[in-house]
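Chain by chain, the residues:
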Amino acid sequence: MPPPLARSISNVKRQFSYRQPIKPFVSSTFVDFQEERDYLVKRIFPTLDAICRERGTNFTPIDLRWGINNNQANSGQVIKLCLDYINRCTPFFICLLGDRYGSHRPEAADPLPKSVEDLPGDASWLDKNFVVAAQGGHAWVLQEAHQTCSITELEIIQASSLNDNEHCYFYFRDSTKLEERLADLPEDKQQEKLQEFAPESEYAEIRVRDLKERLINKGLPVRYFSTVEELGRLLLEDWTRVIDSLYPPVDEFLDVGGELFRQWAAHESFAETRRRIFVSTPELGNLNDQLDEHALSGATQPLEDDFLTRTRCSDKNLRSRPPSEPSYKSIVMLVGERGCGKTAMVANWVKSFASSTADIVVVSHYVGASAESTDVGSFLRRCTHELRNEFT
């Protein structure tokens, strides 16, 4: 039998009682940062997520390259969606900047009206996006100083000036090293690729240079990189420090790197993601009361002696008397259609019940939380370990 832990896992649970996920919004111009964003998604973000999951949370960046469909773009929802997501992600923000400024209205564009109905019939998709965003809660985008901002600059203003910018990080690409980075390409392909990184116009070049200067003068964290690998290293260092500052390792729990902790952290992280999308109703409140009643009836019900033991008989030809059935129901099943919110409801109930009944040990297990969660043997080992460390 493995030695008991010096601290029970309940101590860890109290420290992990509620750990918000780290969800940075990833902002950049798209054409010139495809390679960098792909590298971060495949190589860096999974590493940061693994660190978070060991500490009872998760790292889930918001990359709207894949999150906006054509209907949303055509209906003028792009800017509004981006700014809404930034608000949800605050104070976490990652911005990659090169020499491109991004989609923006012309320098001499006419002032925009305050409602979509007042837009001219030939209004551009970008004009419509500005007005829709203003009507959707972001009126500041129609201020004179902002009507010719690029979408990228609007995102930066929302994250670094209008919201809490405690964990906003900016990564500027060193364009002087681009030719070295593309040296292996044929000359024609190299020139074609360099054009993708170049400013859209002289006006755009001035705007993006001014934007970078303002970010530096504001004192926000700015890093410089030449290659995707260098970007990955810088971002990994920065966001590991963010994780450490928010959710430091649990020193009290000696087996923090062990299987028991990893399994518990995976299940708690899984449950927390479901709790965030839960909306209570009076009907669900009644269901919570029923679950409370069921759990308390089992926890406070004394077990009969012959439920735990079998009587012995000296006659080997006679079998021992089977145990009697308990006088209460020990299992309850919650049934509902797929996707109706059963897991979110149960995850919220478990958290509420555990916090209100500190003297009752609660072991929650969510199928799908980890690769081992569907294995019965793993489930039994996990329950046994947690109970042993609570009562030894």
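Residues numbered from 1 in each chain as written. Predicted model: local features only at pLDDT ≥ 70, side-chain atom pairs only at ≥ 80, totals over all residues. Heavy atoms only, no water.

Along its length, the chain carries 15 helices and four strands. Within the chain, the proportion of its 392 residues that are buried is 41%. Working note: accessible area of the chain is about 22100 Å², and carbon and sulfur atoms make up 52% of it. (Helix = DSSP H or I, 4+ residues; strand = E, 2+ residues; numbered from the N terminus. Buried < 20%, exposed > 50% of the residue type's maximum accessible area, 1.4 Å probe, protein only. Areas by Shrake-Rupley, 256 points an atom, 1.4 Å probe, with all protein chains shown as cover.)

To continue, consider the nonpolar core. Counting 38 residues, the largest nonpolar core has Phe93, Val141 and Phe170 as its most contacted members. For this core, the element with the most residues is helix H4 (residues 78-89), which contributes six residues. Once you skip the residues sitting within four places of it in the chain, Val141 turns out to touch Leu83, Phe130, Ala133, Ala134, His146, Gln147 and Leu154. (Core = buried A, V, L, I, M, F, W, Y, C linked by side-chain atoms within 4.5 Å. Contact = heavy atoms within 4.5 Å.)

Centre distance and the angle of the planes are the two values used to describe a pair of aromatic rings. According to the stated counting rule, one finds nine aromatic pairs in the structure shown. Seen from their ring centres, Trp349 and Phe353 are 5.1 Å apart, and the 25° between their planes marks the pair as stacked. Here the residue Trp349 and the residue Phe353 both occupy positions in helix H14 (residues 342-356), the gap between them amounting to four residues, near one helical turn. Look at Phe353 and you get buried, because its relative accessible area is 5%. Clustering of aromatic rings is evident, with ring pairs tying together Phe45, Phe59, Phe92, Tyr169 and Trp239. One residue, Arg173, lies across the ring of Phe33, its end atom 4.0 Å from the ring centre. Over the ring of Phe172 we find Lys212, and its NZ or CZ is 5.4 Å from the ring centre. (Phe/Tyr/Trp six-rings, centres within 6.5 Å; stacked < 30°, edge-to-face > 60°. Lys NZ or Arg CZ within 6 Å of the ring centre and 35° of its normal.)

Moving on, we come to the packing of H4 against helix H6 (residues 151-162). The interhelical angle for the contact between H4 and H6, taken along N-to-C directions, is 25°, at an axis separation of 10 Å. Between H4 and H6, the crossing angle belongs to the class labelled roughly parallel. In this structure, the crossing between H4 and H6 has a hand that is right-handed. Facing Val78, Ile79, Cys82, Leu83, Ile86 and Asn87 of H4, the residues of H6 in contact are Ile151, Leu154, Glu155, Gln158 and Ala159. (Axes fitted to C-alpha atoms, helices over the stretch in contact; angles between N-to-C directions. Parallel < 35°, antiparallel > 145°, perpendicular 65-115°, else oblique. Left-handed = near helix turned anticlockwise from the far one by under 90°.)

With that settled, the discussion passes to the confidence of the model for the chain. Summarising the model, the chain shows a mean pLDDT of 84, and 82% of its residues fall at 70 or more. Confidence over residues 1-7 falls short of pLDDT 50; this stretch has eleven contacts with residues more than four positions distant or in other chains. Within the model, the stretch residues 306-313 combines pLDDT values under 50 with 14 contacts to residues more than four positions away or in other chains. (pLDDT = per-residue confidence, 0-100.)

Once that is clear, we can look at the environment of Glu144. Relative to the helices and strands, Glu144 is located in the loop between helix H5 (125-135) and H6. The sequence separation of Glu144 and Pro111 amounts to 33 residues, and the corresponding C-alpha distance is 7.6 Å.

Pairing in this open sheet of four strands is parallel, and the strands run E1-E2-E3-E4 from one edge to the other. Edge positions in the open sheet fall to strand E1 (25-28) and strand E4 (222-225), since each of these has one partner strand only. The sheet shows a mean angle of 20° between the axes of neighbouring strands, taken without regard to direction. With four bridges joining them, E1 and strand E2 (residues 92-97) adopt parallel strand pairing. (Pairing = 2+ DSSP bridges.)

Another aspect to go through is a negative patch on the surface. On the surface, Glu179, Glu180, Glu187, Asp188 and Glu192 cluster together into a patch of negative charge. Listed by contribution, the elements that provide at least two residues to the negative patch are helix H7 (178-181) and helix H8 (187-197). Here the negative patch takes three residues from H8, the largest share from any one element. Counting through the fold element by element, Asp188 comes out in helix H8. On the basis of relative accessibility, which here comes to 53%, the residue Asp188 falls in the exposed class. (Patch = residues over 30% accessible without salt bridge, like charges linked within 9 Å, V, L, I, M, F, W, Y side chains within 5 Å. Salt bridge = Lys/Arg side-chain N within 4 Å of Asp/Glu carboxyl O. Lys, Arg positive; Asp, Glu negative; His and termini not counted. Charge placed at Lys NZ, Arg CZ, Asp CG, Glu CD.)

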